[in-house]
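So the chains spell out like this:
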Amino acid sequence: MDFHFEKSLRLLNASEYQAVFDESRLKVSTAELLFLARKNNLGRARLGLVIAKKNVRLSVQRNRVKRVVRETFRLHQYKLQGIDIIVLARRGLSDIDNKQLHETCNQLWYQLEKRAEKRFRQQEG
């Protein structure tokens, strides 16, 4: 297994982001993070990040959040095949430490994986 975070694993332009916003069928969230997802037909998961300055003021904090989210995505990407995902930051995200952020992200990836399995199995059946 290759665990790199390559360009092909990212949402790259506005139309790809807009497609997820418009057609997101899966949502998992906590008070600090929201994951929106939709099925793609690429056979691989792709990630987009929306970490607004309004919600996470300092650039150091925004970069830390992006780094942790990308890292946890990289480790879970093989369980999320064929899904486009956008991660949105909410207020208060900069107040949690790295350990708690890792735990939150891992929990949300797990929830998303389970919901995606259930949703897409129902659509196929």
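The sections below set out a description of the structure shown in this document.

About the thresholds
- Residues numbered from 1 in each chain as written.
- Predicted model: local features only at pLDDT ≥ 70, side-chain atom pairs only at ≥ 80, totals over all residues.
- Heavy atoms only, no water.
- Helix = DSSP H or I, 4+ residues; strand = E, 2+ residues; numbered from the N terminus.
- Expected span 1.5 Å × (residues − 1).
- Buried < 20%, exposed > 50% of the residue type's maximum accessible area, 1.4 Å probe, protein only.
- Arc of directions from axis to C-beta.
- Salt bridge = Lys/Arg side-chain N within 4 Å of Asp/Glu carboxyl O.
- Pairing = 2+ DSSP bridges.
- Axes fitted to C-alpha atoms, helices over the stretch in contact; angles between N-to-C directions.
- Contact = heavy atoms within 4.5 Å.
- Phe/Tyr/Trp six-rings, centres within 6.5 Å; stacked < 30°, edge-to-face > 60°.

Structural notes on helix α2 (residues 59-76)
At step 1: Helix length check: α2 (18 residues) gives 26 Å between terminal C-alpha atoms against 26 Å at 1.5 Å per residue, within 8%.
At step 2: Those residues of α2 that fall on the buried side of the exposure criterion are Arg-62, Arg-64, Val-65, Val-68, Val-69, Thr-72, Phe-73 and His-76. Projected onto a plane normal to the axis of α2, the buried residues spread over an arc of 160° and lie on a single side.

Describing the pattern of salt bridges
At step 1: Using the criterion set out here, one finds five salt bridges in the structure.
At step 2: Arg-38 serves as the salt-bridge partner of Asp-84, at 3.7 Å between the closest nitrogen and oxygen. With Asp-84 in strand β4 (residues 83-89) and Arg-38 in strand β2 (residues 33-39), the pair connects residues that are 46 residues apart, well separated along the chain.
At step 3: Connected via shared salt-bridge partners are Glu-16, Glu-23, Arg-38, Arg-46 and Asp-84.

Looking at the sheet that holds strand β1 (residues 26-29)
At step 1: Taken together, four strands build an open sheet; the order of strands is β1-β2-β4-β3 and the sheet is mixed. In the strand order of this sheet, the two ends are held by β1 and β3 (46-50), each with one partner. Looking at each pair of strands side by side, their axes are set apart by 15° on average, direction ignored.
At step 2: Against the sheet, helix α1 (residues 14-23) engages β2, β3 and β4, with an angle of about 95° to β2.
At step 3: Contacts from α2 reach β3 and β4 within the one sheet, and its direction differs from that of β3 by about 165°.

Quick notes on the side chain of Asn-55
At step 1: Summarising the element assignment, Asn-55 is placed in the loop between β3 and α2.
At step 2: The exposure class of Asn-55 is buried, given its relative accessible area of 18%.

Here we look at the environment of Lys-7
At step 1: Mapped onto the elements, Lys-7 comes out in the segment before α1.
At step 2: As for Lys-7 and Arg-46, which are separated by 39 residues in sequence, their C-alpha atoms are 9.1 Å apart.

Observations concerning the packing of aromatic side chains
At step 1: Summed over the entire model, instances satisfying the criterion amount to two aromatic pairs.
At step 2: Aromatic pair Phe-35 and Trp-109: ring centres 4.5 Å apart, planes at 55°, arrangement tilted. Residue Phe-35 is found in strand β2, and its partner Trp-109 is found in helix α3 (residues 98-124); the two are separated by 74 residues along the sequence. The pair Phe-35 / Trp-109 is uniform in exposure class, with both members buried.
At step 3: With centroids separated by 5.5 Å and ring planes inclined at 50°, the aromatic side chains of Phe-73 and Trp-109 adopt a geometry described as tilted. Placement of the pair is Phe-73 in helix α2 and Trp-109 in helix α3, with a sequence separation of 36 residues.
At step 4: The exposure class assigned to Phe-73 is buried, which follows from its relative accessible area of 0%.
At step 5: The class of Trp-109 is buried, set by a relative accessible area of 0%.
At step 6: One aromatic cluster is present, built from ring pairs that chain together Phe-35, Phe-73 and Trp-109.

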